[in-house]
Amino acid sequence: MKLVVDMSLSPALAMMLTSGGHDAVHWSAVGPASAPDDDIMAWAAANDRIIITHDLDFGDLLHASGSTKPSVIIVREHDPHPERITGSLLLALERFNADLTAGALIAMTRNMARVRSLPLG
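The structure reproduced in this document is the subject of the present report. (Residues numbered from 1 in each chain as written. Predicted model: local features only at pLDDT ≥ 70, side-chain atom pairs only at ≥ 80, totals over all residues. Heavy atoms only, no water.)

## Focus: unusual backbone geometry
- For the peptide bond that leads from K69 to P70, omega is -5°, which places it in the cis range.
- Among the secondary structure elements, P70 is positioned in the loop between α3 (57–65) and β4 (72–75).
- A cis amide bond links L118 to the next residue, P119, at an omega of 5°.
- With respect to the helices and strands, the residue P119 is situated in the segment after β6 (113–117).
- We note that D48 has phi near 55°; this positive angle belongs to a residue other than glycine.
- Checked against the element boundaries, D48 lands in the loop between α2 (37–46) and β3 (50–53). (Helix = DSSP H or I, 4+ residues; strand = E, 2+ residues; numbered from the N terminus.)

Function-wise, these values are silent; they only describe arrangement.
Laid out in structure tokens, this is it:
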């Protein structure tokens, strides 16, 4: 899958997801660190990328947009260190592949995932 890791998470996560077989980039490699979330969403939608973030604002932006793209995974862990969350993310990407392809918002921890289809409403 094509992924973009938001500034709220470490660039090491993008490297670990790439090692797990995905096409992952960290936002800092493609855009300015100070870019607003809606710019990241627009870039992800235009480049067919799924956003991986720790920022709850992306759910609000998806709701307000009424769009079916981009899919977003919000990591809801107190400590989102890449070594702690990569395994769970890889499992979620595999398990929810069809949902993410169709358009979804996933809120997840290492122990659970909640999936909502896009558009939100």
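Still more ground to cover, so stick around.
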